[in-house]
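Structural description and commentary
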Amino acid sequence: MLRFVLLAALCSACLAINRELDGDWAAYKKQYSKIYNPLSDNLRRIVWESNLEIIERHNKEADNGLKSYRLGMNQYGDMTNAEFVAIMNGYRSSEHKPSGLTFVSETPVKELPKEVDWRKKGYVTEIKNQGQCGSCWSFSATGSLEGQHFKKTGKLVSLSEQNIMDCSRREGNMGCEGGLMDQAFKYIKKNRGVDTEASYPYRARDEKCHFKRADVGANLTSHVDVKKDNEDDLQKAVAEVGPVSVAIDASHNSFQLYQSGVYDERHCSSVNLDHGVLAVGYGSRDGQDYWLVKNSWGESWGMSGYIMMSRNKKNQCGIATSASYPLV
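We now turn to the structure provided with this report. Worth saying up front: this structure is predicted, and the values here are computed from it rather than measured.

What counts and how
As a convention, each chain's residues are numbered from 1 in the sequence order in which they are written. Per-residue local features of the predicted model are confined to residues with pLDDT of at least 70, and side-chain atom pairs are confined, for both listing and counting, to 80 or more; whole-chain, interface and lining totals are unaffected and use all residues. To obtain the side-chain values, all non-hydrogen atoms of the structure were included, while hydrogens and water were left out. We count a stretch as a helix when DSSP gives it H or I for four or more residues in a row; a strand needs E for two or more, and each element gets its number in order from the N terminus. Using a 1.4 Å probe on the protein chains alone, a residue whose accessible area is under 20% of its type maximum counts as buried, one over 50% counts as exposed, and one in between counts as partly exposed. Each pair of aromatic rings taken from Phe, Tyr and Trp, with Trp reduced to its six-membered ring, is defined by centres within 6.5 Å and is described as stacked if the planes are under 30 degrees apart, edge-to-face if over 60, and tilted in the remaining cases. Put simply, a charge is over a ring when the Lys NZ or the Arg CZ is close to the ring centre, within 6 Å, and near the line of the ring normal, within 35 degrees. Whenever a helix is involved, its axis is fitted only over the stretch in contact; in every case the axis is a line through C-alpha atoms, and angles between N-to-C directions fall within 0 to 180 degrees. Any angle from 65 to 115 degrees is called roughly perpendicular, while one under 35 is roughly parallel, one over 145 is roughly antiparallel, and all others are oblique. In a left-handed crossing the near helix is turned counterclockwise from the far helix by less than a right angle, and in a right-handed crossing that turn is clockwise. Between two residues, a contact is recorded if the distance between any of their heavy atoms is within 4.5 Å. Salt bridge, as applied in this entry: a Lys or Arg side-chain nitrogen positioned within 4 Å of an Asp or Glu carboxyl oxygen. Each C-beta atom gives one direction from the helix axis, and the arc is the one those directions make.

**Some thoughts on unusual backbone geometry**
Even without glycine at this site, S33 takes up a positive phi of about 55°. One can find S33 in the loop between α2 (22-31) and α3 (38-63). When its relative accessible area of 61% is taken as the criterion, S33 is described as exposed.

Okay, structure coming up:
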């Protein structure tokens, strides 16, 4: 039965393949070092062509001023949206996440800077790549701690996501199967530090914990939660504190294939969050407010690894639903 299903799928894929795109498909595989067996090649080809149609249709609307952002082919263009979400989006929302201190600021929003970009101040490490592992939560956590460590010491140290993945299961995290930034902060506090990236490199797979006290790159004393669903408070935190860990709904084709512009997805949920990222700034573009967000999908995705997400649009994609940062 399984063989019949596979053969039927292969035949359907072969019939649907557009042979005029043979050269483009070959170039795509070469660019992203994709290697498949004959069966997988045809099935991945049909997925790639489907995503290419989505991109072309969307960008025509963007050309006509109907969309504020553009899509583009990237290394994830041979994955269906369902498998992409299952593999890449590892934020696991929980009602029992460790609560931190509550962010408080008396600064009126109108007195905040109109634009913030912590990359320009040295707070942000290079774009990283989580690979095919649902470890986004650990990258969001290290990104926020890297910024706060720099703020205190003046030294930008790349911290180990693999350390947090391997060693924070007691706090409720599950490595490549997902986790929470607040639980990562809890682990680091309890452990009295996290190793550097150089001493404990990323492997994109679950391994045994081999933390070494001598290799600690940063520590924290506690963490702070930003008021839920409050974009004004998130703006204050980003402006006054630095990069902030945030969770978002990244479950749509439009996010998977995002290339540039201000991401405005009306189907985004502010409740069903599945991806941990880092808010490193904000601003406005052509009259549209945005959050500047660092992702962990490599530089081939988005704007060299970054995305501008809609701001002040009723907490679109839930960016202000579960925001937090560490105290150093």
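**Section: the packing of aromatic side chains**
This model, assessed by the stated rule, comprises 21 aromatic pairs. Three or more aromatic residues joined by ring pairs make a cluster, and in this case those are Y69, Y76, F84, F255, Y258, Y263, W297 and W301. Positioned over the ring face of W291 is R311, at 5.7 Å from the centre of the ring.

**Remarks on the packing of helix α5 (residues 136-153) against helix α7 (residues 181-191)**
As a packed pair, α5 and α7 sit with axes 8 Å apart at the nearest point and diverge in direction by 60°. Of the possible angle classes, the one that applies to α5 and α7 is oblique. The handedness of the crossing between α5 and α7 comes out as right-handed. Facing α5, whose interface residues are W137, S140, A141, S144 and L145, α7 presents M181, A184, F185 and I188.

**Some thoughts on the pattern of salt bridges**
Under the criterion given, the structure shown has 18 salt bridges. Linking D63 and R70 is a salt bridge whose minimum nitrogen-to-oxygen distance equals 2.7 Å. The exposure class assigned to D63 is exposed, which follows from its relative accessible area of 57%. Where R119 meets D117, a salt bridge forms, and the shortest distance between an N and an O atom there is 2.8 Å. A network of salt bridges, in which partner residues are shared, links R19, D22, R45 and E49.

**Side note on helix α4 (residues 81-88)**
The set of residues buried in α4 consists of N81, F84 and M88. Burial along α4 is one-sided: seen end-on, the buried residues are contained in an arc of 60°. Facing away from the buried side of α4 by over 90 degrees, the exposed positions are A82 and A86. On its buried side, α4 packs onto α5, α9 (253-256) and β9 (275-285).

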